[in-house]
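Summary of the model geometry
Listed below, chain by chain, are the residues.
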Amino acid sequence: MNSLITCAPEVAQALAEHRPVVALESTIITHGMPYPQNIEVAQRVEAEIRDAGAIPATIAIMDGRIRVGLDGDTLEELASTPAERVMKLSRADLAACLAQRRTGATTVAATMICADLAGIATFATGGIGGVHRGAETSFDISAD
């Protein structure tokens, strides 16, 4: 396992036991929906994955670490942090966020990289890429 990764205990155990783990992006939480709708959707998605017999592993960057699997309090913290205080991370932004020890939410591209580093082969998302609303001023164009 990569030294920059912190796996939630249940994710680490599932990976060690070769049980199914599903990686989830976190930008849908921080930039896709307002609070508290975002936390409700995140919790429902994680519950659906559990109901299907797998372990959810929502991925985000927090305190200079790649967090793979977020407990309830950490998921709530991420969901309630204003979007302007959370970096939206694609593959080009991961290193800067880690080095600056900032909070970052992973897009599909960044989640795939982090999931691979953690040994997770399965991924679910609400959608991929494109040119986002307001891109003429934000330059929010996905690398997914």
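See the structure above.
Everything in this summary refers to the structure shown in the same document.

Scoring rules and cut-offs
By convention here, each chain's residues receive numbers from 1 onward along its written sequence. This being a predicted model, a pLDDT of at least 70 is required before a residue's local features are given, and a value of 80 or more before pairs of side-chain atoms are given or counted; all residues contribute to the totals for chains, interfaces and linings. Remark: hydrogens and water are excluded; side-chain values derive from all non-hydrogen atoms of the structure. In this description a helix means any DSSP run of H or I spanning at least four residues, a strand means any run of E spanning at least two, and both kinds are numbered starting from the N terminus. Relative accessibility thresholds used throughout: buried, under 20% of the residue-type maximum; exposed, over 50%; partly exposed, between the two (1.4 Å probe, protein chains only). Only the protein chains shown count as cover for residues, and the accessible areas themselves come from Shrake-Rupley with a 1.4 Å probe. Whenever a carboxyl oxygen of Asp or Glu lies within 4 Å of a side-chain nitrogen of Lys or Arg, that contact is scored as a salt bridge.

This part covers the overall build of the chain. Within the chain one finds 7 helices and 7 strands. The helix and strand sequence of the chain, counted from the amino end, reads β-α-β-α-α-β-β-α-β-α-β-α-β-α. For the chain, with 144 residues in total, the buried portion stands at 42%. Summed over its atoms, the accessible surface of the chain is roughly 7700 Å², and 52% of this surface lies on carbon and sulfur atoms.

Further remarks concern helix 6 (residues 108-118). Two residues of an α-helix separated by three or four positions point the same way, owing to the 3.6 residues in each turn. Inspection of helix 6 places V108, A109, A110, T111, C114, A115 and A118 among the buried residues, and these make up the whole buried set. A positive backbone phi angle near 85° is found at G119, which sits one or two residues after helix 6.

A few words on the pattern of salt bridges. All chains considered together, the criterion is met by 2 salt bridges. Its salt-bridge partner being R19, residue E17 comes within 2.8 Å of it at the nearest N-O pair. For E17, a relative accessible area of 42% corresponds to the partly exposed category. Accessibility expressed as a relative area gives 36% for R19, which makes it partly exposed.

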